[in-house]
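Now for the letters of each chain:
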Amino acid sequence: EVEFRTFGDRFKKLLGLDQPGAASQKKNAEDIDAHELKRVAIALWLIRSDITNPNLDDILGFARKETFKEARDVIFKTLEQRGGMNVFTNIEEPLIEVVESMNTNGIELDVDSLKKLSKEYHTELSAIEKRIYKTAQTTFNINSPKQLGEVLFDKLGLLPKNQKKTSTGQRSTKESELEKLREQHPIIEDIFTYRELQKLLSTYIDTLPKMVGDDGRLHAEFLQAGTTTGRMASQDPNLQNIPIKTRHGRRIRTAFVAKSGCVLVALDYSQIELRIAAILSQDKKLLDVFTEGGDIHEAVAAEVFNVPPELVDKEMRRRAKVINFGILYGMGVNALRANLGADTTQKEAREFYDTYFRQYSGLAKWIDHTKADAARKGYTETLFGRRRYFEGITSHLPHIQAAAQRMAINAPIQGTQADVVKIAMVRINEYIQKHHLAESVRLVSQVHDELIYEIEENIAKQVAKDIKDIMEHILTPEQTHGVPLLVDVAIGDNWGDMEKQ
């Protein structure tokens, strides 16, 4: 009732009582069809998006019924009452077989290249460790927040601005706190690199080879009900979290390869969140930028910094990008200032914030309307009617209400984005079946706004062109108000080294 979903299981395990429960016994007694269980789980998730990847216990618990059949009837009746059957019937249900196929397909992994990378990164990690000890003039456990804090704050005398402490009263050494010290001492850069390498090695480089199946392929489990936003998730391993912004992280992608005679084709929606924000808000200036094929970050920089577009420099564009995405994620002035960088004052952040909403008044009105609507109804909806409920939106506790409002602003945007990607997956699968390409074109991965297919080399360019066309026309011109959905296509032998087409 209080939504601590895993507490009961953890408590039973602690007491040694983690035996098969009533739900699993009921499942054996009823002999529940796996596909039907998945259908009902997805239906429950559409009703309660906070119950991600629901299991049988969740289904029986939500419906307050003893049998799966009774629970199924309650859940589908509730979904219909809440207007969710359109999303279920037209998006989620036809996607089930596509996701199952993707899980079965897997993706080929070059284990030898990962072993070489492992050796190289372990050598680099060892060198960085020695350098940290030399700088600190002592050996200590770099992974211990307490020992690291003593070295940084006591021995080296570094002092972060507005230093935060942990719940136990220790001085925090988390990334956001160390970021404040980056310019104060070279040891900070080494600590960041040390942490990154250690995480990459333990999470991916040294682990992925052990997860490869007998067919030489990695079979991650993609979860279509894995997030509260509607987006896909993946686990064992989580392919969504392989870093791409750093040199060390990007190199991991080169180990994901196409099988002999094939290439990997990555199709990625370009700036889809901002395009959807323009579509949903119908802000005239945002619509004009996209319909005219302009650079949204450059356009916003020109407005916020009050300069002609041709005078927008690289730093202005970077700041505009932070502002654009910050607004979509419901950032306030304080969060915006922190994300813009230490050299941005509170006053400057406030001016950027106010100027943005003056210039893009249509978006400002849409945000205000979305928050008010969510407070009145208790939920938001995507362009296709996917709902997300926010119990905290009317909370008397300001921080809980503010957090719910931030999520409510972003939910229709990210949810519509998820809908678009999922509809694309279904339509592309229909194209593959219609043209009898199941043996030649395989969906092998889905990461954020990107779909990755393994395609026979001799037909790759033509099929990529067809898939791109499908993806760019998921929404009708009436739905987009003239804003084009654009897809970038890249082809290569591996996921890391791909050439844009």
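Preceding this section is the structure that the text describes.
Computed from a prediction, not measured in an experiment: that's the story for all the values here.

Definitions and cut-offs
Residues numbered from 1 in each chain as written. Predicted model: local features only at pLDDT ≥ 70, side-chain atom pairs only at ≥ 80, totals over all residues. Heavy atoms only, no water. Helix = DSSP H or I, 4+ residues; strand = E, 2+ residues; numbered from the N terminus. Rg over C-alpha atoms; globule rule 2.2 N^0.38 Å. Buried < 20%, exposed > 50% of the residue type's maximum accessible area, 1.4 Å probe, protein only. Contact = heavy atoms within 4.5 Å. Areas by Shrake-Rupley, 256 points an atom, 1.4 Å probe, with all protein chains shown as cover. Core = buried A, V, L, I, M, F, W, Y, C linked by side-chain atoms within 4.5 Å. Pairing = 2+ DSSP bridges.

A. Representation of the overall build of the chain in the model. Scanning the chain from terminus to terminus reveals 21 helices and 12 strands. The C-alpha atoms of the chain give a radius of gyration of 25 Å, which matches the 23 Å a tight globule of 501 residues would have. Per-residue burial for the chain yields a buried fraction of 48% across its 501 residues. Sequence-distant contacts, at least 24 apart, represent 64% of the contacts inside the chain between residues at least 6 apart. Of the accessible surface of the chain, which amounts to about 25,800 Å², a share of 49% is contributed by carbon and sulfur atoms.

B. A look at the nonpolar core. With 148 residues, the main nonpolar core has Phe 256, Tyr 269 and Tyr 453 as its most contacted residues. In terms of residue count, helix H19 (residues 398-434) provides more of this core than any other element does, 11 residues in total. Ignoring sequence-local partners within four residues, the contact set of Phe 256 consists of Ile 107, Glu 108, Leu 109, Leu 208, Leu 218, Leu 239, Ile 242, Leu 264, Asp 493, Asn 494 and Trp 495. Phe 390, Ile 393, Ala 408 and Ala 411 belong to the second largest nonpolar core, which has 6 residues in total.

C. View of the sheet that holds strand E1 (residues 107-109). In space, the 3 strands of this open sheet follow the order E2-E1-E5, with antiparallel pairing throughout. Of all strands in the sheet, those bounded by a partner on one side alone are strand E2 (217-218) and strand E5 (256-257).

D. Expanded view of the side chain of Ser 445. With respect to the helices and strands, Ser 445 occurs in strand E9 (residues 441-447). Leaving out residues up to four positions away in the same chain, Ser 445 has contacts with Met 102, Phe 222, Leu 239, Glu 450, Leu 451 and Ile 452.

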